[in-house]
Every structure is written in structure tokens, then in C-alpha cells.
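Close look at the chain arrangement
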Amino acid sequence: MVSEFLASGVRRPQPFGSPVLYTRPLLPDLESLQGHLEDVWRAQYLTNGGQKAQELEKRLRALLGAQHLSLHANGTLALALALRAMNLSGEVITTPFTFAATPNSIVLAGLTPVFADIDPDSFNLDPAAVEAAITPETSAILAVHVFGRVCDVEGLQRVADKHGLKLLYDAAHAFGAEIDGRPISSFGDAVMYSLHATKLFHTAEGGALATWDADLHARIERSRNFGFGPDGLVEAAGMNSKMSELNALLGLEVLPLVEEERRKRTNVAAIYRSRLSQAPGVFIPEPQDGVVDSRQYFPIFIREAEFGLSRDALVDAMAEFNVIARRYFYPLCSEFPAYAANAAGSHLPVARHVVQEVMCLPYFGGLSDDDAQRICDIILFIHQGGR
Ligand SMILES: *Cc1c(COP(=O)(O)O)cnc(C)c1O
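Residues numbered from 1 in each chain as written. Predicted model: local features only at pLDDT ≥ 70, side-chain atom pairs only at ≥ 80, totals over all residues. Heavy atoms only, no water.

**Observations concerning the overall build of the protein**
Along the protein, the regular secondary structure elements total 14 helices and 13 strands. The C-alpha atoms of the protein give 22 Å as radius of gyration, which agrees with the globular expectation for 387 residues (21 Å, within 12%). Across the 387 residues that make up the protein, the buried fraction comes to 53%. Taking the intrachain contacts of the protein between residues at least 6 apart in sequence as the baseline, contacts between residues at least 24 apart amount to 71%. Carbon and sulfur atoms form 52% of the exposed surface of the protein, whose accessible area is close to 16,800 Å². Here the protein contributes 33 positive and 46 negative side-chain charges, whose respective centroids are spaced 3 Å apart. (Helix = DSSP H or I, 4+ residues; strand = E, 2+ residues; numbered from the N terminus. Rg over C-alpha atoms; globule rule 2.2 N^0.38 Å. Buried < 20%, exposed > 50% of the residue type's maximum accessible area, 1.4 Å probe, protein only. Contact = heavy atoms within 4.5 Å. Areas by Shrake-Rupley, 256 points an atom, 1.4 Å probe, with all protein chains shown as cover. Lys, Arg positive; Asp, Glu negative; His and termini not counted. Charge placed at Lys NZ, Arg CZ, Asp CG, Glu CD.)

**Quick look at helix 13 (residues 349–357)**
Every buried residue of helix 13 is listed here: Ala351, Val354, Val355 and Glu357. The buried residues of helix 13 occupy one face: seen down the axis, they fall within an arc of 160 degrees. In this structure, the buried residues of helix 13 make contact with strand 12 (299–302), helix 11 (311–319) and strand 13 (358–360). (Arc of directions from axis to C-beta.)

**Here we look at the nonpolar core**
One recurring pattern in soluble globular proteins is that nonpolar side chains are buried together. Counting residues in each nonpolar core, the largest one holds 51 residues, and the members touching the most others are Leu56, Leu60, Leu71, Tyr169, Tyr193 and Phe201. The element contributing the most residues to this core is helix 8 (residues 245–254), with five residues. Residues in contact with phenylalanine 201, not counting those within four places in the same chain, are Leu56, Leu60, Phe175, Ser194, Leu195, His196, Gly251, Val254, Leu255 and Val258. Of all hydrophobic cores here, the second largest spans 36 residues; its members include Phe16, Tyr272, Ala279 and Met318. (Core = buried A, V, L, I, M, F, W, Y, C linked by side-chain atoms within 4.5 Å.)

**Considerations on the packing of aromatic side chains**
Taken as a whole, this structure holds 17 aromatic pairs when the rule is applied. Look at tyrosine 22 and tyrosine 328: their rings are 6.1 Å apart centre to centre, the planes differ by 40 degrees, and that puts the pair in the tilted class. On the criterion of sequence distance, the pair formed by tyrosine 22 in the segment before helix 1 (30–43) and tyrosine 328 in the loop between helix 11 and helix 12 (340–343) is long-range, its members being 306 residues apart. Exposure class is identical for tyrosine 22 and tyrosine 328. Each is buried. Aromatic side chains phenylalanine 97 and phenylalanine 147 sit 5.8 Å apart centroid to centroid with 80 degrees between the ring planes, which places their arrangement in the edge-to-face category. Taken as a pair, phenylalanine 97 in the loop between strand 2 (91–94) and helix 4 (101–108) and phenylalanine 147 in the loop between strand 4 (138–144) and helix 6 (153–163) lie far apart in primary sequence, 50 residues in all. (Phe/Tyr/Trp six-rings, centres within 6.5 Å; stacked < 30°, edge-to-face > 60°.)

**Comments concerning the side chain of arginine 224**
Among the structural elements, arginine 224 can be located in the loop between helix 7 (214–223) and helix 8. Here glutamate 57 takes part through its side chain, which lies 2.9 Å from a polar atom of the side chain of arginine 224. Beyond its immediate stretch of four places on either side in the chain, arginine 224 contacts Glu57, Ser70, Leu71, His72, Leu81, Met239, Asn240, Ser241 and Lys242. (Polar contact = N/O pair within 3.5 Å; in protein donor to acceptor, adjacent residues only side chain to side chain.)

**Some thoughts on the site of the ligand**
For the ligand, the set of nearby residues contains 16 residues, the closest of which are Gly75, Thr76, Asp170, Ser194 and Lys199. Between the ligand and serine 194, the relevant distance is 2.7 Å, taken from an oxygen atom to a side-chain nitrogen or oxygen of the residue. For the ligand, an oxygen atom lies 3.1 Å from a polar atom in the side chain of lysine 199. Against a free-state accessible area of 390 Å², the protein chains account for coverage of 94% of the ligand. The set of elements that each furnish at least two residues to the shell around the ligand consists of helix 3 (75–85), helix 4 and strand 8 (190–194). Broken down by class, the residue content of the shell around the ligand amounts to five nonpolar, nine polar and two charged. (Near = heavy atom within 4 Å. Nonpolar A, V, L, I, M, F, W, Y, C, P; charged D, E, K, R; others polar.)

Structural data, given as C-alpha cells:
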């Protein structure tokens, strides 16, 4: 039996009629997509760097401020391929507070992930922790701009330069992010964007790699096509990570919608921030100075002692109102069975703390002001003891 009112007189908010997930893919107008599908049908050319993929590469290169950019079947393969193309060996230092694809790509490239702790403000790799994790086996750093919050790019570059390491970024959450007017593509040796359906800009499945290094770019382009060189001979065993024309076409149709989507998400963020930042025990990170936010996720942190309820209890209680918030990222990658051995020597107090408090609220342009307000009502109702 659920109570309709709290002792304070606050009324129980209406549950949503159908589940509100933490994200929703941006879908272009179907008729427009069908119209352009005819181009692909007429060309009878479905993959292998066709016209649509070339067009999308060109547009993304300009939009993301990339010197060179290649499209891939997905972000995981793109990252693995970039690591392989750098001729690395041994260990790659990375963050445990990321999606499994980050350490997975290191293993796919034949390398060993080593986890270093994160910074409590950006939630990204702490350069001092990275430096402390360096061994004679270390050959690279793979940092993640998690939730679109940017890394300490200068600090990480200093560590990389000092120790002769390559520096790669997983920018799966940071499409279009900028630091002091500089696009995120311009930091590090290679930058991966995931174009998966859950990302702000997507091609259903897909990935992109940006780099300033022409030789690296050429090796990556060969490697995404089995290793074939310009003379038609395989120079080094490659993968297959080409983007199909259908995925590229979808991307070309989604791309013009991104700015409006970002504007709508900015509005949702403002509602969440104004309603929830007052609630005891709800911590909302401040925007970073000089940074253009990609608007990929809206993370909040639940401090149980002040909130009166754990993050897990809040997520479960919200589900009863059909609001499906996500414990993202939970658990740490270092706690997955696959990485237990890698993490044995890691000291990760900040990451271990953060991962207990974090959750991502529903965040997509399709949420109306009323929806966002109702989600806040639900969280505050639960906070005040309602179920
Ligand atoms: C989505 C994501 C990836 C993987 O991208 P795919 O395109 O799905 O392979 C990698 N890293 C992070 C942080 C992600 O969120």
C-alpha cells in the first residue's frame, strides 16, 4: 500500500506511463532517410569507403576540428586499432571509472591494462596517479573524458612527454567538447569517438578516430581494411573495422539534429540543477571552466548520510515511478572478473568512493520541461520518505 501524501502534505507524483530510460537515440525523419537510401541503392555500393562514408568523414573532420579522421565499425575496434597502429608493447595505464570497452580495447590490442586512480572533480585519470603507476613496461596512457567532463589534458601530456609515452583519449562521451576554444580532437596522439546509438551523435553502431599524425592515420586506414596497402598487398595483419554506407547515411541524417538536441539537453540540465542542487545529499558537479560540454550524460552523486537513502535504494525507488536512472559506471572495470588480476596492485580510493555514489539521470531532448520537473518531484518525494 503506497501512501498518497507525505506527513508534510506533499503529494505522491504520478508515475510515468511507460519507462523513461536514461537515454534515447536521436532518430532522423524516416522519409528523408528513405529518400537518401535511394542514392545508396542506385550506386549499389554498400561499404568500403563509399560516397556516404567519405562525406561523413569530411563533415566530422571539420566539425570535430580533426587534422585526420577515419570512420570505423564501432568505437571499441577503432581504439584497439589505434593502439595496435602505434606499435606499443607491455602496459597501458587507464582509468577504472569507464565503460568496459576502454580496457577491452587494450587487451584486444595485445596489451595489458593497468588501472590508476581518478581525480575527484573531473572523475578522470589523475596525472599524479598515472605517474605513480608507470613501470619499465608502460608504453601508453589511455584516458577517458568521462560524461564529457574533460581530463587534465596538460597534466597528462606532461607525464606522457616526461616518460616518452603515447597518449590516447577515449572521447566516447565528449563529441564536440572544447577546452578554451580548442576542440578535444587536438589533444593527445589519437582520439576515439564512439558513434553508438546511446551517444549524442551516432550512426547506430560506429566509431571515429582523430589524429594529427599523418603516418599513424595511414596505418590506421590500412588496418581498418585488413592491412591492404595502396599496391593491394597486405603489409601487416589488419582488422576489418570499416563503416558501411547505411551507417554513414544514418549519421549524415542525424548530424543536423545534434545542435538542437544539445540545446534541449541544456534546458533539461538547467531544470535538474535548479531543482536538485538544493536537496541535501545530492551532489551535482559544477560545469568546468572554459569547457564546452558535450551534453552526453547528466551524472549526480548521492551521499547516503545526508540524503537518507543510498544511491542503489534511490535507483530502485525511482524505477517504481517508471524512471530508469542508471548506475553508470558501476562497478569499476577493475572489479570485473576479467580484470581482477590487473587490478591486484592498484590503489584506487577515489574511484572506489565515486562509484558508490554515481548515477545518471534520464537525459535526452525528448524530455519536456514537465517530464524533467516530474523526475525532480519523484526524487525529492523519495528523499522526503515517500515511495
Ligand atoms: C560507448 C563507449 C565506448 C565504446 O564504443 P562502441 O562504439 O560501443 O564500441 C567506449 N568507451 C566509452 C567510455 C563508452 O561509453
